[in-house]
Amino acid sequence: MESTGRYHGLLAQLGHRAGHTVYVLNARDVYHYAQALGMRGKTDRLDAQVIARYLGEHHTHLHPWSPPSDVQQQLDALLSRRALLGKHQSMLKLSFKEVGLSSIQSQVTHLMAEFEALMSCIDAQVQTLIASDVSLAEGCARLRTITGIGEQISALLANLFSRIPFANADAVVAFCGLDPRPQDSGAKRGKRRLSKRGPALLRRQIWLAGFSATKSKVFGPIYKALRARNLPTTAAIAILGRRLLRLAFGVWES
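Residues numbered from 1 in each chain as written. Predicted model: local features only at pLDDT ≥ 70, side-chain atom pairs only at ≥ 80, totals over all residues. Heavy atoms only, no water.

Draft legend 1. The overall build of the chain, seen in detail. Across its full length, the chain carries eleven helices and four strands. The buried share of the chain, reckoned over its 254 residues, is 32%. Once local pairs closer than 6 in sequence are excluded, the contacts in the chain between residues at least 24 apart make up 59%. Charge-centre separation for the chain: the mean point of 33 positive side chains lies 10 Å from the mean point of 18 negative side chains. (Helix = DSSP H or I, 4+ residues; strand = E, 2+ residues; numbered from the N terminus. Buried < 20%, exposed > 50% of the residue type's maximum accessible area, 1.4 Å probe, protein only. Contact = heavy atoms within 4.5 Å. Lys, Arg positive; Asp, Glu negative; His and termini not counted. Charge placed at Lys NZ, Arg CZ, Asp CG, Glu CD.)

And the structure:
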C-alpha cells in the first residue's frame, strides 16, 4: 500500500495481524514509477496494478513494515502535533506583527501564551511517555549529552532509532533526507542538493540542532571552517546537523 497520512495505518495493522508481510510504499516513488510506465490515467484499479508491479520488481530492496508500540505511536502523534502548533504560532505571530493592530495586542499576547501552555503540556506528556520505557529513557539521556541535542530532537531520534534497525549511520542520513544528491553527467559536475526524503519534521529539528551547535565551543570552530570554504550559511548548518545525526546514531548504538 501507499502511505496516505494516517489512513493507511489501520490496513497495515490488520494485514500484519493476519500474518501478511506488509510494505508501506512512498507515494511519490509510486507516482514517478507510474509516470515512467507511461500510465495515461488514474483509477483505483490502475493504482493497485502499479503498486503490485512496483512491489514485484522491487520487494527484495524494500523493508517490511512493522507496527509501532503504543508508546512509539503516542510519541509520534504528540511530537508531530507539537511541531504543528509551533508552526502556526510562528505564522500567527508574524502575521499580527506585520499588521500592527495594537487594539487587540492583549488578546494576541493571551493567544501566544495559550500556545506556549499547550506545547509545555505536550512536552510534559512526551517526557512521561519516555520515562515509562527504560530503553527510551536511557537512550534519550545519552543523546542529550551531545552538544546541540535537546529534549525535542532527542525524543524524535530515540523514537526513530528504537523502531527502525538502521544498518549504519549512512542509512540514517539517507532516511532523514540529508544525503547530498549528485547531478553529474560526463565531465559536468552539477550542484549537490539534499534529497529531502523522509520526515520533514525530523529534518527540520536536525537543522535546528545544527544551528544551536554553531554557537558552542565544540562545534563553533567547525562551523567557521565550513563558512571559510565559502559555503552558504544554510549549507554549513545542514552539514553540521548531518554530523550531529551521525554522532547521535553512534551514541545510541554504543
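Draft legend 2. Spotlight on a positive patch on the surface. On the surface, Arg-28, Arg-181, Lys-191, Arg-193 and Lys-196 cluster together into a patch of positive charge. Inspection of the secondary structure puts Lys-191 in the loop between β3 (188–189) and β4 (193–194). Assessed through its relative accessible area of 60%, Lys-191 is described here as exposed. (Patch = residues over 30% accessible without salt bridge, like charges linked within 9 Å, V, L, I, M, F, W, Y side chains within 5 Å. Areas by Shrake-Rupley, 256 points an atom, 1.4 Å probe, with all protein chains shown as cover. Salt bridge = Lys/Arg side-chain N within 4 Å of Asp/Glu carboxyl O.)

Draft legend 3. Structural context of the packing of helix α4 (residues 70–99) against helix α5 (residues 105–131). Put simply, α4 and α5 touch, their axes get as near as 10 Å, and they point 160° apart. One element, α4, and the other, α5, form an angle in the roughly antiparallel class. The interaxial crossing formed by α4 with α5 has left-handed handedness. Class assignment for the residues of the contact of α4 with α5 results in 17 nonpolar, four polar and four charged. (Axes fitted to C-alpha atoms, helices over the stretch in contact; angles between N-to-C directions. Parallel < 35°, antiparallel > 145°, perpendicular 65-115°, else oblique. Left-handed = near helix turned anticlockwise from the far one by under 90°. Nonpolar A, V, L, I, M, F, W, Y, C, P; charged D, E, K, R; others polar.)

Draft legend 4. Structural view of the environment of Ser-154. Along the polypeptide, Ser-154 turns up in helix α7 (residues 151–163). Residue Ser-154 is classed as buried on the basis of its relative accessible area, which comes to 0%. Separated by 15 residues in the primary sequence, Ser-154 and Gly-139 place their C-alpha atoms 8.4 Å from one another. A distance of 2.8 Å separates a polar atom in the side chain of Ser-154 from the backbone oxygen of Gly-150. (Polar contact = N/O pair within 3.5 Å; in protein donor to acceptor, adjacent residues only side chain to side chain.)

Draft legend 5. Examining the side chain of Gln-205 more closely. Considering the arrangement of structural elements, one finds Gln-205 in helix α9 (residues 200–213). Apart from residues no more than four positions distant in its own chain, Gln-205 is found in contact with Gln-152, Ile-153 and Leu-156.

Draft legend 6. Highlighting the packing of aromatic side chains. In this structure the tally under the stated criterion is six aromatic pairs. Look at Tyr-33 and Tyr-54: their rings are 5.1 Å apart centre to centre, the planes differ by 85°, and that puts the pair in the edge-to-face class. Note that Tyr-33 is positioned in helix α2 (residues 27–36) and Tyr-54 in helix α3 (residues 44–58), a separation of 21 residues in sequence. Comparing Tyr-33 with Tyr-54 shows no difference in burial state: the two are buried. Between Phe-166 and Phe-175, the aromatic rings sit 5.4 Å apart at their centres with planes inclined by 65°, giving edge-to-face as the arrangement. The class of Phe-166 is buried, set by a relative accessible area of 12%. Cluster of aromatic residues (ring-pair linked, three or more members): Phe-161, Phe-166, Phe-175, Phe-249 and Trp-252. Residue placement shows Arg-142 over the ring face of Trp-252; its charged tip is 5.8 Å from the ring centre. (Phe/Tyr/Trp six-rings, centres within 6.5 Å; stacked < 30°, edge-to-face > 60°. Lys NZ or Arg CZ within 6 Å of the ring centre and 35° of its normal.)

Draft legend 7. Geometry of a nonpolar patch on the surface. Nonpolar side chains collect at one region of the surface, where Trp-207, Leu-208 and Phe-211 lie side by side and expose about 240 Å² of accessible area between them. As for its position among the elements, Trp-207 is in helix α9.

Draft legend 8. Summary view of α7. A rise of 1.5 Å per residue sets the reference length of α7, with its 13 residues, at 18 Å; its end C-alpha atoms lie 18 Å apart and thus fit the reference within 8%. Against α4, α5, α6 (134–143), α8 (169–175), α9 and α11 (233–253) lie the buried residues of α7. (Expected span 1.5 Å × (residues − 1).)

Draft legend 9. Here's a closer look at the nonpolar core. The biggest cluster of nonpolar side chains holds 47 residues, and the ones touching the most others in it are Val-126, Leu-157, Phe-161, Cys-176, Leu-202 and Leu-245. At the level of elements, α4, α5, α6, α7, α8, α9, α10 (220–228) and α11 are the ones that each hand at least two residues to this core. Setting aside chain neighbours within four positions, we find Val-126 in contact with Leu-75, Leu-78, Leu-79 and Ala-155. Grouped together as the second largest cluster of nonpolar side chains are eight residues, Tyr-23, Leu-25, Tyr-33 and Val-50 included. (Core = buried A, V, L, I, M, F, W, Y, C linked by side-chain atoms within 4.5 Å.)

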